[in-house]
Amino acid sequence: MTTSETVSAVSADVLIVGAGPAGLYGAYCAGFRGLATVVVDVLPQAGGQVTALYPEKEIRDVAAIPAIRGRDFVSALVEQASAFAPAYLLGRQAVTLEHRGGEPVVTLDDGTVVHARAVVLTSGIGTPTPRPLECGQEWLGTALSYFVTDPGVHADRDVVIVGGGDSALDWADALDPIARSVTLVHRRAAFRGHAGTLARVRAGRTRIHTDTRVVAFAGDPAAGRLAKVTLRSGSGDETVVAADHVIAALGFVSDLGPLRDWGLELRARSVAVDRSMRTNLPRVYAAGDLAGYEGKVKLMSVGFGEVATAVNHVAVDLDPGLSLFPGHSTDGP
């Protein structure tokens, strides 16, 4: 993969903006259609939010795969696409879009100019910024984190997880068997996460505090050694629990960034597309969580179908003599 080399100009049949699962599958689909492909992502590695935020979580919503660890899933997608040798420009943000001679030209934040015959946007809901915990910011990077990259570091430790959505429940479920203790703290009475995961958490060893907030950390910040945290319930009662680490799974705020200035038709945090996954701009498509239309279901499996649709329409746009149907993979490219 090309990740950090300075490149002044690149040409390709299709530029895919976003190296998450949809973008990686799009690179495979484009290669299968014989299209030279460049993949750009602001993150320094392929996999999008799966790699950056949830590499150890199990993915369960992809057909024929009962469960697969995030990093393994991304590795398989990269391997699949590698059959057609897409070029990767990682750690770079797509900043501006213009059309020259009817074809899109995208400039990256390092000055690289990508001349593409078509663009497929698969950048998800934008760059994620975690919602901060109300206290304890001086522990960030030592005893406070917003996601888990390696569950093993929490083995035989006291862990406090803050949040009420799927991520908080998933990490409580995953860490319960290996941590010394898991305490789950949610500021509301009801959880928003999956009912099945909540049932497993309730049946395990995890101690659950609802209508409660974390209000104080205690330990040695200079050494990065946390000892305990104080919880305060809605009634004002306080409880002190042992804690080596706090995971604040409070969700993320996402920003579409420079894409907002490209002239795309936006619907909230989505880019409007038609049934071919075309946007309102010539030869610019969108797929995955970024794409918006009536009846949209934001699932990874749906994104795979959308990017396949987009890429096959790109192939016909670039060569009207081609069939929209790509043929079956068993037939070879």
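Placed above this text is the structure.
(A) Structural detail: the pairing of strand E1 (residues 9-17). Within E1, 7 of the 9 residues are buried, leaving the element largely enclosed by the surrounding structure. Alignment of E1 against strand E2 (residues 37-41), held across 4 bridges, turns out to be parallel. Looking at the pairing, Leu15 lines up with Val38 of E2. Between the parallel pair E1 and E2, the chain is carried across by helix H1 (residues 21-32), and the sense of this crossover is right-handed.

(B) Spotlight on unusual backbone geometry. Positive phi, close to 60°, is recorded for Asp156, a residue that is not glycine. The residue Asp156 is located in the loop between strand E10 (144-145) and strand E11 (158-162) in this model. Although it is not a glycine, Met277 adopts a positive phi angle of roughly 70°. Mapping Met277 onto the fold places it in the loop between strand E20 (270-272) and strand E21 (284-286). Its relative accessible area of 4% is what places Met277 among the buried residues.

(C) The pairing of strand E8 (residues 113-121), seen in detail. With 7 of 9 residues buried, E8 is to be regarded as a mostly interior element. Where E1 and E8 come together, 8 bridges link them in parallel fashion. Note that in E8 the partner of Val10 across the bridge is Val114. In this structure, strand E7 (residues 103-108) lies alongside E8, joined through 3 bridges in antiparallel fashion. Note on E8: the bridge partner recorded for Val105 is His115. Hairpin connection of E7 to E8: 4 residues between the antiparallel strands, including Gly111 at a positive phi of 95°. Here E8 runs beside E21; their pairing, made up of 3 bridges, is parallel. Looking at the pairing, Val120 lines up with Tyr285 of E21.

(D) Fine view of empty space enclosed by the protein. As enumerated under the stated definition, the model contains 1 cavity of 30 Å³ or more in all. Tyr54, Tyr146, Phe147, Ser167, Trp171, Ala249, Leu250, Gly251 and Phe252 together form the lining of the largest cavity. Of the residues belonging to the lining of the largest cavity, the class tally is 7 nonpolar, 2 polar and no charged.

(E) Structural detail: the layout of surface pockets. Taken as a whole, the second largest pocket holds about 350 Å³ of empty space. Val162, Gly163, Arg187, Arg213 and Leu250 are, among the 16 residues lining the second largest pocket, the residues nearest its centre. Looking at the lining of the second largest pocket, the element that brings in the most residues is strand E14 (residues 212-220), giving 3 residues. The class makeup of the residues in the lining of the second largest pocket is 6 nonpolar, 4 polar and 6 charged.

(F) View of the sheet that holds strand E22 (residues 291-292). What the 3 strands build is an open sheet, ordered E19-E20-E22; its pairing is mixed. Both outer strands of the open sheet, strand E19 (266-267) and E22, are each paired with one neighbouring strand and no more.

Cut-off values and rules
- Residues numbered from 1 in each chain as written.
- Predicted model: local features only at pLDDT ≥ 70, side-chain atom pairs only at ≥ 80, totals over all residues.
- Heavy atoms only, no water.
- Buried < 20%, exposed > 50% of the residue type's maximum accessible area, 1.4 Å probe, protein only.
- Helix = DSSP H or I, 4+ residues; strand = E, 2+ residues; numbered from the N terminus.
- Pairing = 2+ DSSP bridges.
- Right-handed = clockwise from strand over helix to strand, strands pointing away.
- 1 Å grid on protein atoms, 1.4 Å probe; cavity = no way out; pocket = protein on both sides within 12 Å on 5 of 7 lines; lining within 4 Å.
- Points joined across faces, edges and corners; volume = space filled by probe spheres on them.
- Nonpolar A, V, L, I, M, F, W, Y, C, P; charged D, E, K, R; others polar.

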